[in-house]
Amino acid sequence: MAGKTLDSITSQDIAALGIPSEVAEKLHQTLLQIITSCGAATPQTWSRISKELLNPDLPYSFHQMMYYGCYSHFGPDPPAWSPDPENVMLTNVGQLLERRGKEFLGSRYKDPISSFSDFQEFSVSNPEVYWKTVLDELSISFSVPPQCVLYDNPSRENGLSYPGGQWLPGAFINPARNCLSVNDKRTLDDTVVIWHDEGDDGMPINRMTLEELRREVWSVAYALDTLGLEKGSAIAIDMPMNANSVVIYLAIVLAGYIVVSIADSFASREISTRLRISNAKAIFTQDFIIRGDKSLPLYSRVVDAQSPTAIVIPAGGSSFSMELRDGDMSWHDFLQRAINSRDDEFAAIEQPIEAFTNILFSSGTTGEPKAIPWTNATPLKAAADAWCHMDIQKGDIVAWPTNLGWMMGPWLVYASLLNGATIALYNGAPLGSGFAKFVQDAKVTMLGVIPSIVRTWKSTNCTAGLDWSSIRCFASTGEASSVDEYLWLMGRAQYKPIIEYCGGTEIGGAFVTGSLLQAQSLAAFSTPAMGCSLFIIGDDGNLLPQDASGMGELALGPLMFGGSTTLLNADHYDVYFKGMPIWNGKVLRRHGDVFERTSRGYYRAHGRADDTMNIGGIKVSSVEIERICNTVHSSVLETAAIGMPPPGGGPERLVIIVVFKDSDNSIPDLNELRIAFNSAVQKKLNPLFRVSHIVPVPSLPRTATNKVMRRVLRQQLAQLSSTSKF
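Notes on the structure follow. Source: prediction; values computed, not measured.

## A short note on unusual backbone geometry
Right, so step 1: The backbone of Leu-168 shows a phi angle near 55°, a positive value even though the residue is not glycine.
Right, so step 2: Relative to the assigned elements, Leu-168 resides in the loop between β5 (166-167) and β6 (172-173).
Right, so step 3: One non-glycine residue, Gln-494, lies in positive phi territory at about 55°.
Right, so step 4: Locating Gln-494 in the fold gives a position in the loop between α19 (483-491) and β23 (498-500).
Right, so step 5: By relative accessible area, Gln-494 is classed as partly exposed at 31%.

This is the structure we're talking about:
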């Protein structure tokens, strides 16, 4: 966004933005003082402007004038936030490095800010020391301690492959028990879950202490054992993320069963697919999902999916009038099965570190979702990321609109509770002023977002007049973010940093992210995640030098704590390692994103290299969408589904490329066809998906083996977009 440089801006320019002239004059005088002290175009200038000059009540156009004016000639990756040495000493990593930096890094250690990159490299080269240290910091308790941190044996044994090594071999643990334990991070009286219902703005926030959470979880765990299921059986959860679903999640894990995560937005067919793949023996759900004055059926979708036994929770009140299917039971009747054990502590089922604790799903390129088991190590990866990169600690209040059907739901549970923080849940849509007020009233300190939500907040200005000053940092994941929208977001909380967080369900967290010990640039990542190494594959198939700038498909170092080692319905080695480059004798791990490493050392995401996309923060296969669209209208020969970011960057939009059977006759109205595509995709796949554009073409580009080259289509659409024809 072009504009005047700071030293050429006048008080009249400021007043022209709708700011009263006397206020504009005061702002201009303060600006001149900052320029005199720091110069007109330095990171220090912007840092002082963001702290001393700007506030959420000033027009956003003034924020834009200051930011783009300061950095008009800076080049790539201008820092929107820079760490303060005093505040860094209060962070988890800052305190650790002050205590042990010289022990870890020797003479290379200078201070936490200067030495953070060295510490990240240390976490990769010295996993034994790093992960033992972090697990100690998290107060993780094993019933049987591990023999070591990492057994690195890349050979194939008995038909199995362990290119990612074996982590914490020999250990036994229950991550839910760790979430419920009293330790130096919390007492029984500490609040661990808070929540608020949409529409109840005048009511106080609901709170649950650790003691209350433990009793609720124990009660559900005892009731689970009355169902007669074998330990290790899969039990699904398909309901909104609220206090009940958190209790159910922890109880399933505590009692030695496996959670099957299913998003509450899925259509019956998608629910059925996930139940079948996971072989779920029971499912927890709600009768309805309440959104404002609407009641959206959920139990009926579960029934249509031909689910196993369902335990049905009423969305409003303590009872419901609907008739349940034979064999299903109400939440009340389920809890009554263990009424005599309600106050007794449940003995956690301790299991090997490699035992499954959760089955989640990520879209594959063949249409059927990949079933990804989380082991008992994966929750520790989630908590460690939060400890290091978001600096979550005792006393924090963590909100992230999500669902247990996506990895960020379980991530939120473990990242909060294992770090001694409080989970903040809003029972309703996060898009309006109700959620924004909840953030204020709950005094949220770490707010997680996806870019689509931020776009809605900005367009409706639903945060106006609210106080978000309690926020210490934001975090963002799920899809590509927009510089301008995230500048707006920072401005709602006096320019607190945004930690970009990119990983995958199969990783349990991030491989690239940010840090409160590094300058953060908007829509960019400042560092590989702790314990992770990144590689970029050039167009010639060779790896770029690790410190060189460039763009290509991202590959990951294979040794990642918490990463997946198996898939339920695909060959893990074939999906993630087969055909990948070798580096230092180790095969690299495939991820599928196209990434750029910039000249200033930041990373930027450029979409998928394969045939999946992120729509509204939900990863989906092109094939899944195409199968639906191909049957919508008799004139359609074939389709290709493409995710395209808007010209200014930001979340991907769903574009359908259409080849008609007869390009000369009987072509339907494209807008009517778009509406029909929308209706079909929302009904059969996910009601959150929306087709943005339809582009007719004579034919689809294909490889010699007849595979559709969606990357070529994306490139062609990008060219159309740049010439304003699309």
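## Looking at the sheet that holds strand β27 (residues 527-528)
Right, so step 1: Strand order in the open sheet formed by three strands is β24-β25-β27, with antiparallel pairing between adjacent strands. Each of the sheet's edge strands pairs with one partner strand only, and the pair in question is β24 (502-504) and β27.
Right, so step 2: Where β24 lies against strand β25 (residues 509-513), three bridges are found, and the strand directions are antiparallel. The residue of β25 that forms the bridge with Cys-502 is Val-512.
Right, so step 3: Packing of helix α15 (residues 378-389) onto the sheet brings it into contact with β25 and β27, and relative to β25 it is tilted by some 35°.

## A look at the pattern of salt bridges
Pairing is possible between side chains of opposite charge, provided their charged atoms come close.
Right, so step 1: Summed over the entire model, instances satisfying the criterion amount to 22 salt bridges.
Right, so step 2: What emerges from the salt-bridge pattern is a single network uniting Arg-269, Glu-270 and Arg-274.

## Some thoughts on the packing of helix α6 (residues 92-105) against helix α7 (residues 116-125)
Right, so step 1: Packing of α6 against α7 leaves a shortest axis separation of 11 Å and a crossing angle of 70°. Classed by the angle they form, the pair α6 and α7 counts as roughly perpendicular. α6 and α7 meet at a crossing whose hand is left-handed. Contacts between α6 and α7 involve Val-93, Leu-96, Leu-97, Phe-104 and Leu-105 from the former and Phe-116, Asp-118, Phe-119 and Phe-122 from the latter.
Right, so step 2: Partitioned by chemical class, the residues of the contact of α6 with α7 number eight nonpolar, no polar and one charged.

## Here we look at the packing of helix α18 (residues 451-460) against α19
Right, so step 1: Running from amino to carboxyl end, α18 crosses α19 at an angle of 70°, the nearest separation of the two axes being 10 Å. Classified by the interaxial angle, the pair formed by α18 and α19 is roughly perpendicular. As α18 packs across α19, the resulting crossing turns out to be left-handed. Here Pro-451, Val-454, Arg-455, Trp-457 and Lys-458 of α18 lie close against α19, whose contacting residues are Asp-484, Glu-485, Tyr-486, Trp-488 and Leu-489.

## Overview of the nonpolar core
The tendency in soluble globular proteins is for nonpolar side chains to be buried as a group.
Right, so step 1: Ranked by internal contacts, the top residues of the largest apolar core, which has 175 residues, are Trp-46, Met-66, Trp-411, Leu-447 and Trp-457.
Right, so step 2: The element that contributes the greatest number of residues to this core is helix α11 (residues 243-254), accounting for ten residues.
Right, so step 3: Excluding residues that lie within four positions of it along the chain, Leu-447 makes contacts with Ala-399, Phe-435, Val-439, Trp-457, Trp-468, Ile-471, Cys-473, Phe-474 and Ala-475.
Right, so step 4: Listed in part, the 43 residues of the second largest apolar core include Ala-236, Val-312, Val-620 and Ala-680.

About the cut-offs
Residues numbered from 1 in each chain as written. Predicted model: local features only at pLDDT ≥ 70, side-chain atom pairs only at ≥ 80, totals over all residues. Heavy atoms only, no water. Helix = DSSP H or I, 4+ residues; strand = E, 2+ residues; numbered from the N terminus. Buried < 20%, exposed > 50% of the residue type's maximum accessible area, 1.4 Å probe, protein only. Pairing = 2+ DSSP bridges. Contact = heavy atoms within 4.5 Å. Axes fitted to C-alpha atoms, helices over the stretch in contact; angles between N-to-C directions. Salt bridge = Lys/Arg side-chain N within 4 Å of Asp/Glu carboxyl O. Parallel < 35°, antiparallel > 145°, perpendicular 65-115°, else oblique. Left-handed = near helix turned anticlockwise from the far one by under 90°. Nonpolar A, V, L, I, M, F, W, Y, C, P; charged D, E, K, R; others polar. Core = buried A, V, L, I, M, F, W, Y, C linked by side-chain atoms within 4.5 Å.

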